[in-house]
Amino acid sequence: MVIYQVDFEPIGRRHACARGTTLLEAARQAGVGIVSICGGRGTCGHCRVRILDGLASPPTGAEDKVLSAEELAAGYRLACQVEVLSDLRVHVPPASLTTPQRIQVEGRELAVPLQPAVRSYKVELPPRAAQDLRPEITRLRDALARVYGLERLAIDGRLLPRIPLRLQEWAGVANAVVRGESLSLLPDHSPALSATDCGPRRAEENSYRIELIDLLPDGRFPLGLAVDLGTTKIAAHLVDLTTGETLEARGVMNPQIAYGEDVIARIAHAMEGEEQAQELRQAAVGAVNDLAGELCALVGRAPEEIAEAVVVGNTAMHHLFLGLPVSQLGLAPYLAAVIDPLDLKARDVGLEIAPGGYVHLLPNIAGFVGADHVAMLLSTGIYRAEETVVGLDIGTNTEVVLRVGERLLACSTASGPAFEGAHIRDGMRAAPGAIERLRITDTNVEYQTIDDAPPVGLCGSGILDAVAQLLEVGVLDERGTMQEHPRVRRGKGGPEFVLVAQGEGGDGREVVITRADVGEIQLAKGAMRAGINVLLDEAGLSAEDLDQIVIAGAFGTYVDVGSAVTVGMVPPLPLSRFVQVGNAAAMGAKLALISTEQRALAEEIARQVEYIELTNDSRFVGQFTEAMFLR
Ligand code: FES
């Protein structure tokens, strides 16, 4: 039997299989979850992969039907149809991966040189000589100046009283955690180098402010926290600042939801009074503290070892997190209170990290386009693209950017929480039992659920698939009206389509999609498409001029692009022009955490963006009304 190696990217899994095995089977054997709702018959088109290298069997008739000539030419194939005829390198797009695997690869890492604002320097104070009457703090400062050139070192006031005790306890051996924007000019920390080494090593220039913010025991190095503070979800990465590696990443629901689902409702709550504004601030800060504690516990560290945090969010989330006034965000011309990047003592914000730790907030662009968008532009590289690109960061608010020539045009649309499963009768978050992919043929409904658990509801990608499929089979018309069908019945709120009949579902209940659910999707997708169209109009372009559409955000990772095209959420371009990049805002926050150069770049990007306020734009209402149609 001839055996070949198949490399599945970006999962990074290599698998040996016999010649003639289908790629879908090889993926199953390798533990790579590929969506296959037709069971490998070559009809659903969900198992799309791209052959990067190697020899595979020629396209089958099923592939000719499902894939366009352009896709086939670009190497796209159906995993269930392709037979392995040599060693292969195969790229599995996020939309073809089942949810648990998508979460593993969520967010594309970008390699940048490590240049954090915080570094650690090992000191080893020699035993005190009899005639040495210098206080411990002075001995520490002298050692840091002599060995590393860290002169005129400021010391955080909260750390100051702890230094003598810690140095005594650790017999003079410690890692000094120092923060300074220009620390990269100084010699890198080296665990082998100690303050007992002879000879000064100084930076040529040392006129910038550097500050001692923490002292850690020998062998402990500072951590960083990158936070994407979303309206609905908060995602955080715990990062080792000496390697730039993510140690753990987690997400939680934003507890501010209790005060309103969208930013407008939260702004209204904050405007009720100081107490209400504080409630919102504390809810967000408390959630970030809890998340930091959870992430640290997972890797056996303490939140006090986090020396620096970077937080990105839309402008309203940013302001509520800092306790800044938000009333002006709720009224035209929707002015932000602050758009500049900020470096604040974390404790002043309420974050419980290292005694002198800082939180850095990336710049905002305008009242409704915030630092999360800047972070997304940073991590996707859209800001320097030479092609014409649209970027969508899909969330409760969807930010849209158009890169054309040297210009960056941006706007924000209120797309609502429907794709998070909210406002949808049987909507749910992406958890076991959620229908994530769906296909309707005549009266038959085929679906795939997360973890192959019995169906209990629909997550965002399932809802979009359902609307697209109902449109394809003619149950929905362009206006979203439901036509007669054996599965359509009259429910309490109007017509509804039964996807999973009573008794077939996980908890015995049925799963339906109602006319009202379809309306929610029309509003959400209409807002996004109208935003895209206004930007294209502003630049004098049409959709065909776009070389690429980058889709970011948690839902953006899960969405089936074919369904998004079918319902008209995005322009009808070949699927090969779409790229799904996961939580790009969190990735941008991480870049800013590990590199001060990236922070400077973020500032430049924010200045470069030309913001278009859609509520003032005469084109928006017409475009929105038009984009509500399903097509
Ligand atoms: Fe390949 Fe459905 S599993 S097309």
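In this text, all values refer to a predicted model and were calculated from it rather than measured experimentally. (Residues numbered from 1 in each chain as written. Predicted model: local features only at pLDDT ≥ 70, side-chain atom pairs only at ≥ 80, totals over all residues. Heavy atoms only, no water.)

(A) Examining the sheet that holds strand 22 (residues 488-491) more closely. Taken together, the three strands give an open sheet; going across it, the order is 22-23-24, and neighbouring strands pair in antiparallel fashion. Each of the sheet's edge strands pairs with one partner strand only, and the pair in question is strand 22 and strand 24 (511-514). Going from strand to strand, the sheet's axes swing by 45 degrees on average, the running direction of each strand aside. Here strand 22 runs beside strand 23 (residues 494-500); their pairing, made up of four bridges, is antiparallel. Paired with arginine 489 across the bridge in strand 23 is glutamate 496. Against the sheet, helix 12 (residues 460-472) contacts strand 23 and strand 24, and its axis sits at roughly 65 degrees relative to strand 24. Packing against the sheet, helix 13 (residues 515-538) makes contact with strand 23 and strand 24, and its axis sits at approximately 60 degrees to strand 24. (Pairing = 2+ DSSP bridges. Helix = DSSP H or I, 4+ residues; strand = E, 2+ residues; numbered from the N terminus. Axes fitted to C-alpha atoms, helices over the stretch in contact; angles between N-to-C directions. Contact = heavy atoms within 4.5 Å.)

(B) How the structure looks around the pairing of strand 17 (residues 397-404). Burial analysis of strand 17 places eight of its eight residues in the buried class, the great majority of the element. Side chains Asn397, Glu399, Val401 and Arg403 of strand 17 all project onto a buried face; the interleaved residues Thr398, Val400, Leu402 and Val404 project onto the opposite face, where all are buried too. In terms of strand pairing, strand 16 (residues 389-393) meets strand 17 through five bridges, oriented antiparallel. Paired with aspartate 393 across the strands is glutamate 399, a residue of strand 17. Relative to strand 18 (residues 407-414), strand 17 runs antiparallel, the two sharing eight bridges. Along strand 18, the bridge assignment pairs threonine 398 with threonine 413. Here strand 17 folds back onto strand 18 in antiparallel fashion, the turn holding two residues, of which glycine 405 has a positive phi close to 60 degrees. (Buried < 20%, exposed > 50% of the residue type's maximum accessible area, 1.4 Å probe, protein only.)

(C) Spotlight on the sheet that holds strand 5 (residues 88-91). In spatial order, the strands read 2-1-5-3-4; together these five strands make up an open sheet with mixed pairing. In the strand order of this sheet, the two ends are held by strand 2 (13-18) and strand 4 (76-78), each with one partner. Taking the axes of each pair of neighbouring strands and ignoring which way they run, one obtains an average angle of 35 degrees across the sheet. Sheet analysis places strand 3 (residues 48-53) next to strand 4, joined by three bridges and oriented antiparallel. Looking at the pairing, arginine 50 lines up with tyrosine 76 of strand 4. With respect to the sheet, helix 1 (residues 23-30) is in contact with strand 1 (3-9), strand 2, strand 3 and strand 5, its orientation differing from that of strand 2 by roughly 120 degrees.

(D) Structural detail: a negative patch on the surface. A cluster of acidic residues, Glu386, Glu387, Glu406, Glu544, Asp545 and Asp547, forms a negative patch at the surface. You can see glutamate 387 is positioned in the loop between helix 11 (371-380) and strand 16. The partly exposed category is assigned to glutamate 387, whose relative accessible area is 42%. (Patch = residues over 30% accessible without salt bridge, like charges linked within 9 Å, V, L, I, M, F, W, Y side chains within 5 Å. Areas by Shrake-Rupley, 256 points an atom, 1.4 Å probe, with all protein chains shown as cover. Salt bridge = Lys/Arg side-chain N within 4 Å of Asp/Glu carboxyl O. Lys, Arg positive; Asp, Glu negative; His and termini not counted. Charge placed at Lys NZ, Arg CZ, Asp CG, Glu CD.)

These results come straight from atomic positions and should not be treated as a statement about function.
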